[in-house]
Amino acid sequence: KTLNISFEIATTDNLRRVVTTGATVLHYSGHGNEAFLSFEDGSGASHELTPSLLQSTCGHEDPDGKLRAPDSLRLVFLCACHSQVAAKALEKLGVPHVIAVQSSAQILDAAAVAFTRHLYLALAAGHTVKYAFESGQKAVASMPARLTPQTSGRKEEAKFQLMGAGDPTHGH
């Protein structure tokens, strides 16, 4: 199976382009809070992408006038603190699988790296979204204490949330 990977600066223009051209997995890594995700404006300055702006950027109107995500978009991972509100906006668009960080939570960089590494390793090996998600959580839970000095790996793993109406035991 061919795997095409693209790394882009997080601008709304790049987001719209990758969604429009048929991305199946979308990974955002950056900063967030409950009100917005921090994108760039194309000139290096911050652009606050609210959940409603995220919906309108990623969605299109279906024949019934309802805003929907493209059918090609199967998984979105918002690897940012407090990203659950933004993830709910994508879930409302019909993205089958959305991974985020709890709205009330900040995530340690080491936890984000460990989770991401094992999530994508499991997906690349052909495992289901649920298995891959749990693999990421287990990687975070078993992190050495020196990487989680103010908390525990168990507390960090619980901050990751799997959302969406898709069956996490099937497909990617």
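Everything that follows concerns the structure shown earlier in this document.
These figures come from a predicted structure and were not determined experimentally.

Conventions we followed
- Residues numbered from 1 in each chain as written.
- Predicted model: local features only at pLDDT ≥ 70, side-chain atom pairs only at ≥ 80, totals over all residues.
- Heavy atoms only, no water.
- Helix = DSSP H or I, 4+ residues; strand = E, 2+ residues; numbered from the N terminus.
- Rg over C-alpha atoms; globule rule 2.2 N^0.38 Å.
- Areas by Shrake-Rupley, 256 points an atom, 1.4 Å probe, with all protein chains shown as cover.
- Salt bridge = Lys/Arg side-chain N within 4 Å of Asp/Glu carboxyl O.
- Buried < 20%, exposed > 50% of the residue type's maximum accessible area, 1.4 Å probe, protein only.
- Pairing = 2+ DSSP bridges.
- Contact = heavy atoms within 4.5 Å.
- Axes fitted to C-alpha atoms, helices over the stretch in contact; angles between N-to-C directions.

**Points about the overall build of the protein chain**
Thought 1: Along its length, the protein chain carries six helices and nine strands.
Thought 2: Compactness check: the protein chain gives a C-alpha radius of gyration of 16 Å against a globular reference of 16 Å for 172 residues, within 12% of the reference.
Thought 3: For the protein chain, the spread of C-alpha atoms along the three principal axes comes to 50 × 35 × 25 Å.
Thought 4: Summing over all exposed atoms, the protein chain offers an accessible surface of approximately 9,300 Å²; the carbon and sulfur share of this is 52%.

**Comments concerning the pattern of salt bridges**
Thought 1: Tallying each qualifying case throughout the model produces three salt bridges.
Thought 2: One salt bridge in this structure joins Glu-8 and Arg-17, with 3.0 Å as the shortest N-O distance.
Thought 3: Overall, the relative accessible area of 39% leaves Glu-8 in the partly exposed class.
Thought 4: Here Glu-134 ties to Lys-130 by a salt bridge, and the two come within 2.8 Å at their closest N and O atoms. With a gap of four residues between them, Glu-134 and Lys-130 both fall in helix H5 (residues 129-141), about one helical turn apart.
Thought 5: With a relative accessible area of 30%, Glu-134 lands in the partly exposed category.

**Quick look at the pairing of strand S3 (residues 36-40)**
Thought 1: Bridge count for strand S2 (residues 32-33) against S3 is two bridges, and the pairing is antiparallel. Bridging from a neighbouring strand, Asn-33 pairs with Phe-36 of S3.
Thought 2: As judged from the four bridges shared by S3 and strand S4 (residues 46-49), these two strands associate in the antiparallel manner. Across the sheet, residue Leu-37 finds its bridge partner in S4, namely Leu-49.

**Section: the sheet that holds S2**
Thought 1: Sheet architecture is open: three strands sit in the order S2-S3-S4, paired in antiparallel fashion. Here the strands that pair on one side only, and so sit at the sheet edges, are S2 and S4.
Thought 2: Contacts between helix H2 (residues 51-58) and the sheet are confined to S3 and S4, with S4 contributing the most and set at about 90° to the helix.

**Description of unusual backbone geometry**
Thought 1: Notably, His-82 is not glycine yet its phi reads approximately 60°, a positive angle.
Thought 2: With respect to the element layout, His-82 can be found in the loop between strand S7 (75-79) and helix H3 (84-92).
Thought 3: With relative accessibility at 14%, the residue His-82 sits in the buried group.

**Thoughts on the sheet that holds strand S8 (residues 97-101)**
Backbone-to-backbone hydrogen bonds join strands into a sheet, with any given pair of strands oriented parallel or antiparallel.
Thought 1: As summarised here, the arrangement of the four strands in space is S1-S7-S8-S9, forming an open sheet in which the pairing is mixed. Taken across any chain shown, the strands that pair with only one partner, and hence form the sheet edges, are strand S1 (25-29) and strand S9 (160-163). Between one strand axis and the next, the sheet turns by 10° as a mean value, whatever way the strands run.
Thought 2: Looking at chain direction, S8 and S9 are connected through four bridges and run antiparallel. Directly across from Ala-100, in S9, lies its bridge partner Gln-161.
Thought 3: Where H5 meets the sheet, it contacts S8 and S9, and its direction lies at approximately 175° from that of S9.

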